[in-house]
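The primary structure of each chain is shown beneath.
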Number of protein chains: 4
Amino acid sequence: MNEQTKGGVIRRLQSVEGHVRGIQRMVEEDQYCIDVIKQISAVQAALTKMQQIILDDHLHSCVTTAIRGDDPERREAVIDEIMGVFAITNK
Amino acid sequence: MNEQTKGGVIRRLQSVEGHVRGIQRMVEEDQYCIDVIKQISAVQAALTKMQQIILDDHLHSCVTTAIRGDDPERREAVIDEIMGVFAITNK
Amino acid sequence: MNEQTKGGVIRRLQSVEGHVRGIQRMVEEDQYCIDVIKQISAVQAALTKMQQIILDDHLHSCVTTAIRGDDPERREAVIDEIMGVFAITNK
Amino acid sequence: MNEQTKGGVIRRLQSVEGHVRGIQRMVEEDQYCIDVIKQISAVQAALTKMQQIILDDHLHSCVTTAIRGDDPERREAVIDEIMGVFAITNK
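Residues numbered from 1 in each chain as written. Chains lettered and ligands numbered in written order. Predicted model: local features only at pLDDT ≥ 70, side-chain atom pairs only at ≥ 80, totals over all residues. Heavy atoms only, no water.

### Quick notes on the environment of Asn2 of chain A
All names here are of chain A. Keep this limit in mind: Helix and strand labels come from DSSP, where a helix needs a run of H or I of at least four residues and a strand needs a run of E of at least two; each type is numbered from the N terminus. Between N or O atoms, a polar contact is any pair within 3.5 Å; within protein, one atom must be a potential hydrogen donor and the other a potential acceptor, and residues adjacent in sequence are included only when both atoms are from side chains.
Among the secondary structure elements, Asn2 is positioned in the segment before helix H1 (3-28). Taking the C-alpha atoms as reference, Asn2 lies 9.4 Å from His58; in sequence the two are 56 residues apart. Engagement of the side chain of Asn2 in a polar contact is seen with the backbone nitrogen of Gln4, the distance being 3.0 Å.

Structure representation (structure tokens):
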């Protein structure tokens, strides 16, 4: 990852960590189940956004380098990895 | 939530918090993007499991009480909330 | 399902069937892959909407009847089924 | 798409079309709502599998050609399109 992407992802991860701690407090204070479920969905949306940012950086760096390179196995490998990301995020 | 569910959810949230901190370290140490994306998906799966546990408890408690109760507006409200959960988790 | 819901779902299924045939033509005519993928996502969104309509009807009918009824096993069964729907739609 | 992929996708679309007609019959015959919802999920899984097949072909053809090519705008465009696919399938 380039330094800007990396800094942005770390800030987002810290924000998610704070959000998860907030949900722990909600549960401890017996807040309404449906509100807890909604906050968990908000964390998931933030994580999906993060995956998009990382994938975008990856496509511009590793994937572009591999596909422009001369190693057909490495080209195949990066494509397989993208397909793997699609598979785990779209079960 | 009953006390057992509550304890279980809090432990799972603490585990997610640790997992998210682990992902921060992965990013700081420049680990491979695809591995970071996979770990984020693992966190999302843990959060989805937690939503299921909370929803199951909610159906057995609040929803059952409301539907067996005599207030038609409250009955309608709990059904609308379940539909809301389905909608936010299945966009 | 009540008759109105049933009629609506059947019309939506016929519309999905037409949409799927349209995608077949797109593939036969070698239209751009990304456009085909987008149309498949549109069909999936229509199917998710249909699941919501059916689930909403089900909660207002079978589930309400079972939960207001006197058979604890049947009550448990309808809740398990809702959890099953949540699980298959949120893998 | 290459001819083999194309043939496979068309067969899968025909199978989905038949599956959707089968679900129409289920609804007309008043089969149990939960079973209808499950069949709709099965169709969605088949459609997701199809998107994967098309995306895999696309990465091996258009995307590889564009990224190995000399037009930086076209390179950027194919990456944006992959990100678009990720976004619509992971809302």
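Moving on, there is more to tell.
### Points about the relation of the copies chain A and chain B
As a reminder, the rule being used: Copy-to-copy alignment: least squares on C-alpha atoms, limited to residues at pLDDT 70 or above in both.
Here chain A sits on chain B after a turn of 180° about the axis and a move of 0.0 Å along it, with an RMSD of 0.0 Å. Taken together, the rotation and translation relating the two chain copies correspond to the operation of a two-fold axis.

### Brief notes about the environment of Met26 of chain D
Residues and elements named next belong to chain D. Condition: Each residue is placed in one exposure class: buried if its accessible area under a 1.4 Å probe, protein chains only, is under 20% of its type's maximum, exposed if it is over 50%, and partly exposed if it falls in between.
Residue placement: Met26 occurs in helix H1 (residues 3-28). Looking at Met26, the relative accessible area reads 13%, which means it is buried. Between the C-alpha atom of Met26 and that of Gln39, which follows or precedes it by 13 residues, the distance is 9.6 Å.

### Overview of the side chain of Lys6 of chain B
Put simply, the test is: Contact between two residues is taken to exist if any of their heavy atoms lie within 4.5 Å; hydrogens are not considered.
Summarising the element assignment, Lys6 of chain B is placed in helix H1 (residues 3-28). The residues contacting Lys6 of chain B, other than those within four sequence positions of it, are Val27, Glu28 and Asp30 of chain A together with Met1 of chain B.

### Describing the pattern of salt bridges
How we decide: A pair is scored as a salt bridge if a Lys or Arg side-chain nitrogen falls within 4 Å of a carboxyl oxygen belonging to Asp or Glu.
Per the stated rule, a full pass over the model turns up 12 salt bridges over all chains. Note that Asp30 of chain D and Lys6 of chain C form a salt bridge whose closest N and O atoms lie 2.9 Å from each other. With Asp30 of chain D in the loop between H1 and helix H2 (33-68) and Lys6 of chain C in helix H1 (residues 3-28), this residue pair bridges two chains. Ionic contacts of the salt-bridge type, sharing partners, join the residues Glu17 and Arg21 of chain A together with Glu17 and Arg21 of chain B into one network.

### A look at helix H3 (residues 72-89) of chain C
Definition in use: In this analysis, the expected span of each helix is defined as 1.5 Å times one less than the number of residues it contains. Note that the arc is defined by the directions from the helix axis to the C-beta atoms.
For H3 of chain C, spanning 18 residues, the distance from its first C-alpha to its last is 26 Å, which sits close to the expected 26 Å at 1.5 Å a residue. Buried within H3 of chain C we find Val78, Ile79, Ile82, Met83, Val85, Phe86 and Thr89 of chain C. The buried residues of H3 of chain C occupy an angular sector of 150° when projected down its axis, which confines them to one face. Among the exposed residues of H3 of chain C, those pointing more than 90 degrees away from its buried face are Pro72 and Glu73 of chain C. Its buried side turned inward, H3 of chain C meets helix H2 (33-68) and helix H3 (72-89) of chain B, helix H2 (33-68) of chain C together with H2 of chain D.

### Regarding the interface of chain A and chain B
The extent of an interface is frequently quoted as the accessible surface area lost upon association of the parts. Between chain A and chain B, the contact holds 39 residues from the first and 39 residues from the second. Viewed at the interface, chain B and chain A are joined by four salt bridges. The interface formed by chain A and chain B holds 19 residue pairs in polar contact (both at pLDDT 80 or more) in total. At the level of secondary structure, the elements contributing two or more residues to the side of chain A that touches chain B comprise H1, helix H2 (33-68) and helix H3 (72-89) of chain A. A total of 17 residues in the side of chain A that touches chain B trace back to one element, the largest contributor, which is H2 of chain A.

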